[in-house]
Structure formats: C-alpha cells, structure tokens
Amino acid sequence: MTITGVTEAGLADVLFTIRISGMTVTSIETAGDGTYTVVYGPGTGAASTRQPNPEVPRPPTEPPVPNMDDPTPPPAGSAGEFVHARPIAPRTILYVDAQGREQVREGGSRSWRNCNPGNIRKGDFSINCGAIGNDGSFAVFPDEVTGMAAIVSLLKTAAYSRLTLKDAIFRYAPPGDGNNSQEYADFIHRETGIALATVLSTLSERDRRKVAQTIQKIEGWTKGTVRPNAPPAPLIGRTPDVLSSAASASNGWMAIARREATLPAQERSEWSDPGENPRILLYFEVAAPWFDPVGGDEVDWCAAFVNYCLVTGGQMGTNHPGARSFFWNKNNQFKLLSAPAFGAIGVRRYAPFDDASWSAGSGHVGFVTGWTPNSVTLLGGNQSNTVREMAFPLVEKDSSGAVVSEFVAWMMPVIV
C-alpha cells in the first residue's frame, strides 16, 4: 500500500496513523516536488499491544557498535570497514565502523546509497552475503564489492542456477512488481552476448560477473554525496551568532515540539498498562532504532522526544535514548552555551555526580522556552508522563542540603 504527496509537516502524523493501525512502514522516498511517498504493509499486530512476532526479531537492547553507548568520541581518521548501517532520513543512509566512526550516503540512487547494486531484498540471504543493515525493504551492504558479490552468489543458488537466463530474470524482476521483465532480459542479452536460453549453471564465473554488472546498470547506479555524519558547516564560533540565529529554531525543531505538545492528551501521553502509546514508541524508533524500549512507553523517553524533534526537523540527533548522550556531544553537533536560550536543549543530571564523563546514570532533557534566575521552563517529553511545558529549579537539593539534581549544560543545535 502506498501514500503519495505527503508533506514534511504531515509525515509524522502519517507514520503515527500507520503504526497505530498495526501496519509497518517499508520505505519512505522523496518525490521531485518535495513531498514524500510512504510504502507500508501488514505489520506484526496492533502496535498498542507490543506483542512480539517470533518471525520478526525485536530490536536489540545493546547498540550494534559499543562506542554508540560510550562517552568516548570515536578515534580520528577515516572510517574503516563498516559493520552497521541504517536510514536516518529520507534518501540518507548512515554507515558506522567498529570504532564508531560514521559516514553518510545521501541522495543518488537507492542502490548506490545501500551499496546494493542489485537491489537485493533484506533477509537471511543478504545477511549471509554480508549485509550490515537494511532501509526497510532492501539490504545495505558495507561496500559496492560486497553488494556485487551478493548478485553473483544469488545467481549460483538452487533457486536460480537451474533456470535459463530469461527465466532467472523473470524471477529476479517479476512483472508483478511493475517490472518490464522482457525488456530487462533483452538488455542483459544485448550487453553480455549471453543467449536467453542459457542455463545459469553453465555460465563461467566471468559471465556471471558480466550479468551482475549489467543488472547494476539496469537497477540504476547514480552517485550522491558521501560525507562524515557531522554538521555540514563549521560550528558557529561566537555565542551572539548562536543566539541571534536561534530564532530560526521556530521553523525547525521547536515547531515540531510545539506541534507534539498540542496533540490530544491521549496521543502525547503514556498509556495505562497493558497499552503502549505508539507515538512514544515512534520517538524511540527515530531517536535510536537499535534500542528496544522493553518497558514500552514507561521507559524514560525525554531524550527520545528531543531526538525525534531534532531529526524530524532536519538536525542531527545523538542516536542514543539517554539524556547523557547530549552532554557527550560526540559529533560536536551542539554549541555549548553559558546560559539558557530559547530553543536550546537544557541538560539536567541527577545524583551521583562523581563520574565526570557521565558514562551512566539518569538525567532529563528538554527544549528551553523560558527562564528566571532560579528556574528554567522546558518543553519536553516524559514531563509528568506527557509532552508539555514544565518548570525545573536550576539546582535541586534534599533536606540535608545535598544536590540531587541540577542543570549541567545548555546546548544549541548547530544551525547551518
């Protein structure tokens, strides 16, 4: 099933509607007019029940790369062999190496973004061929060489090796999927010189590679942009520049946060067990897809909400479900401010405070909307179990005078 003409402003509502109906989004593509096309299909059951499907693995509770859950920045230098990949925005795939170094492929063709020249579907076969992720429908390979080898391997499987070249292409690109299978087969014949009646098992390794290379041409291999997952412009160097440009936040993450806060209470709040609010679960899916909130919408979700607003607004998130990940600022995507400012992220930490790197422990984050000499008002999620504005003291002490919580950072997303 497909929904076309979805605007950026309406994308979150469409995803929410699909999720609450128990369906699953398989792909999101940007159309030429700036709108989105959302493809979805049967899911794993009503989203509000959170019932696991034995055929669909649940997300892990640990990151695929340990460095994602560590305050230490990844080592400097170019990324090495990629071990994990996932979409982070329409037409954008994030690749991560074993040390946590990141690289983004954006734009271009889907096959290029996924290093998947044959547009091979996700599943056990692609994983066995070295896939390190998927975009919802198609596998993502660590590099073009691995993706090309997957096509050759597929042609050697029992499902294909006994077929003629023509029959194999009709299976690979069936007419029922909207393909012109005959034209597809004829093009391969013209490019390779291999007769369509040739049985694949009789092909030489060289001929299989020729077929694979021709499939790459047909599927489309248009290069886009490769860059580190870092702000595409230098950090704004002077605080006045940050503060003066913060007004633009009203057109970005703050507009999204305010939109979420105006939703009916049932849509923006935790649900009584056994129900789970699918919109809160969506915050986690956008914020850190590697993290499974096994406690449902009762897991602390303030950081997931802030990340959701940032990412949906076109900014970098932290790819982590914890408030401390903002304090880490591992990609330098936030400018540290000396005082609160409208649209900035207020980072609040709870005792104990003996770990300077804040490698573990709880906290809270939200967007600053106002402040006094003694308190700050945040617009955030998980504030009295809902999305709302709420005032917090700058420093909170217990009856003995010991600090139990305090704001430890004011961070403005880099505005580019």
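Note: the structure precedes this text.
Here we summarise the structure given alongside this text. (Residues numbered from 1 in each chain as written. Predicted model: local features only at pLDDT ≥ 70, side-chain atom pairs only at ≥ 80, totals over all residues. Heavy atoms only, no water.)

1. Quick word on helix α10 (residues 253–261)
Listed in full, the buried residues belonging to α10 are Trp253, Met254, Ile256, Ala257 and Glu260. Seen from one end, α10 has its buried residues packed into an arc of 160°, which puts them on one side. (Buried < 20%, exposed > 50% of the residue type's maximum accessible area, 1.4 Å probe, protein only. Helix = DSSP H or I, 4+ residues; strand = E, 2+ residues; numbered from the N terminus. Arc of directions from axis to C-beta.)

2. Description of the side chain of glutamine 315
With respect to the secondary-structure elements, glutamine 315 resides in the loop between α13 (302–312) and α14 (324–328). Among the polar contacts listed, one links the side chain of glutamine 315 to the backbone oxygen of valine 414, at a separation of 2.8 Å. The contacts of glutamine 315, once residues within four sequence positions are left out, are Trp253, Leu310, Pro413 and Val414. (Polar contact = N/O pair within 3.5 Å; in protein donor to acceptor, adjacent residues only side chain to side chain. Contact = heavy atoms within 4.5 Å.)

3. A look at unusual backbone geometry
The amide bond that connects aspartate 273 to the next residue, proline 274, takes the cis arrangement and shows omega of 10°. With respect to the element layout, proline 274 can be found in the loop between α11 (265–268) and α12 (278–287). Of note, the bond from alanine 351 into proline 352 is cis; its omega dihedral lies within 30 degrees of zero at 5°. Relative to the helices and strands, proline 352 is located in the loop between β11 (345–350) and β12 (363–371). For cysteine 115, which is not a glycine, the phi torsion comes out positive at approximately 50°. Among the secondary structure elements, cysteine 115 is positioned in the loop between α2 (110–113) and α3 (124–128).

4. So, the nonpolar core
Within the largest apolar cluster, 49 residues are counted, with the highest numbers of intra-cluster contacts made by Phe305, Phe326, Ile345, Val365 and Phe367. Broken down by element, this core gets its largest block of residues, eight residues, from α13. Those residues in contact with phenylalanine 326 that sit more than four places away from it in its chain are Ala303, Val306, Asn307, Leu310, Thr318, Phe334, Ile345, Val347, Val365 and Met411. (Core = buried A, V, L, I, M, F, W, Y, C linked by side-chain atoms within 4.5 Å.)

5. Here we look at the environment of phenylalanine 334
By the secondary structure assignment, phenylalanine 334 is in strand β10 (residues 334–337). On the basis of relative accessibility, which here comes to 2%, the residue phenylalanine 334 falls in the buried class. Taking the C-alpha atoms as reference points, phenylalanine 334 and methionine 412, separated by 78 residues in sequence, lie 5.2 Å from one another.

6. Description of the sheet that holds strand β6 (residues 102–106)
Taken together, four strands build an open sheet; the order of strands is β4-β5-β6-β9 and the sheet is antiparallel. If you trace the sheet from one side to the other, it starts and ends with β4 (82–89) and β9 (225–228), each paired once. If you compare each strand with its neighbour and ignore which way they point, the axes differ by 25° on average. (Pairing = 2+ DSSP bridges. Axes fitted to C-alpha atoms, helices over the stretch in contact; angles between N-to-C directions.)

7. A closer look at the environment of tyrosine 172
Tracing the backbone shows tyrosine 172 in helix α6 (residues 165–172). For tyrosine 172, a relative accessible area of 15% puts it in the buried group. Filtering out sequence-adjacent residues up to four positions away, tyrosine 172 remains in contact with Gly118, Asn119, Ile120, Ile151, Leu154, Tyr160, Tyr184, Ile215 and Glu219. There is a polar contact of 2.5 Å between the side chain of tyrosine 172 and the backbone oxygen of glycine 118.

8. Focus on the pattern of salt bridges
For the structure shown, the criterion picks out 12 salt bridges. Notably, a salt bridge pairs arginine 227 with glutamate 106, separated by 2.9 Å at the nearest N-O pair. Of this pair, arginine 227 sits in strand β9 while glutamate 106 sits in strand β6, and the two are 121 residues apart along the sequence. Of the charged contacts in the structure, one is a salt bridge between arginine 258 and glutamate 389, with a shortest N-O distance of 3.9 Å. (Salt bridge = Lys/Arg side-chain N within 4 Å of Asp/Glu carboxyl O.)

Just distances and angles here, no functional claims.
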